[in-house]
Amino acid sequence: MKIYVSNLPAGTSDAGLAEMFEPFGIITSAHVMRSWDFGHSRGFGFVEMMRESGERAISKLNGQLIDGLVLRVNEARARL
């Protein structure tokens, strides 16, 4: 399952994003999207994990306050 995570704090790294999801199961990948020009965080990322673990993570993390920002966590939609 691919999970979309938005409203990430600016300093969030790939490892930091993975740490948020580790309590819910095994993570296949975790990537914070960065700007092409300067490499700054774009404030969102993607996590991949098994469906059951992902659904549990979404239900627990969506709406959580992290560094003053409210996380938005949901299943990623396929690009058209």
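What you are looking at is a predicted structure, and each value in this text was computed from that prediction instead of being measured. (Residues numbered from 1 in each chain as written. Predicted model: local features only at pLDDT ≥ 70, side-chain atom pairs only at ≥ 80, totals over all residues. Heavy atoms only, no water.)

Trainee: Help me understand the overall build of the protein chain in this model?
Mentor: The helix and strand inventory of the protein chain stands at two helices and six strands. Computed over its C-alpha atoms, the radius of gyration of the protein chain comes to 12 Å, within 12% of the 12 Å expected for a compact globule of 80 residues. Principal-axis analysis of the C-alpha atoms gives the protein chain an extent of 35 × 30 × 20 Å. Within the protein chain, buried positions represent 35% of all 80 residues. Sequence separation of 24 or more characterises 57% of the internal contacts of the protein chain that already satisfy a separation of 6 or more. Accessible surface, the protein chain as shown: approximately 5400 Å² in total, 53% of it carbon and sulfur. Side chains of the protein chain carry 9 positive and 9 negative charges; the gap between the two charge centres is 7 Å. (Helix = DSSP H or I, 4+ residues; strand = E, 2+ residues; numbered from the N terminus. Rg over C-alpha atoms; globule rule 2.2 N^0.38 Å. Buried < 20%, exposed > 50% of the residue type's maximum accessible area, 1.4 Å probe, protein only. Contact = heavy atoms within 4.5 Å. Areas by Shrake-Rupley, 256 points an atom, 1.4 Å probe, with all protein chains shown as cover. Lys, Arg positive; Asp, Glu negative; His and termini not counted. Charge placed at Lys NZ, Arg CZ, Asp CG, Glu CD.)

Trainee: Even after reading the chapter, I still don't get helix H1 (residues 14-21), so can you show me in this structure?
Mentor: Every α-helix winds through 3.6 residues per turn, so residues three or four apart in the chain are directed the same way. Three or more residues of H1 are buried, namely Leu17, Ala18, Met20 and Phe21. The buried residues of H1 occupy an angular sector of 155° when projected down its axis, which confines them to one face. (Arc of directions from axis to C-beta.)

Trainee: Got a minute to help me understand the packing of aromatic side chains in this structure?
Mentor: Each aromatic ring pair is summarised here by two numbers: the centre-to-centre distance and the angle between the ring planes. Here the structure, examined in full by the defined rule, presents three aromatic pairs. Note on Tyr4 and Phe44: the rings are 5.7 Å apart at their centroids and 45° apart in plane angle, and the pair reads as tilted. With Tyr4 in strand S1 (residues 2-6) and Phe44 in strand S3 (residues 41-49), the pair connects residues that are 40 residues apart, well separated along the chain. A relative accessible area of 28% means that Tyr4 is categorised as partly exposed. Consider the rings of Tyr4 and Phe46, whose centres lie 5.6 Å apart with planes at 55°: the pair is tilted. Placement of Tyr4 in strand S1 and of Phe46 in strand S3 is noted, with a sequence separation of 42 residues between them. One aromatic cluster in this structure is built from Tyr4, Phe44 and Phe46. (Phe/Tyr/Trp six-rings, centres within 6.5 Å; stacked < 30°, edge-to-face > 60°.)

Trainee: For this particular structure, what's the right way to read the pairing of strand S2 (residues 27-34)?
Mentor: If a strand is regular, its side chains alternate between the two faces of the sheet. One ladder, built from six bridges, connects S2 with S3; its direction is antiparallel. The residue bridging Ile27 from the neighbouring strand is Met49, located in S3. In this structure, the hairpin formed by S2 and S3 is closed by a connection of six residues, where Gly39 is found at a positive phi of approximately 80°. (Pairing = 2+ DSSP bridges.)

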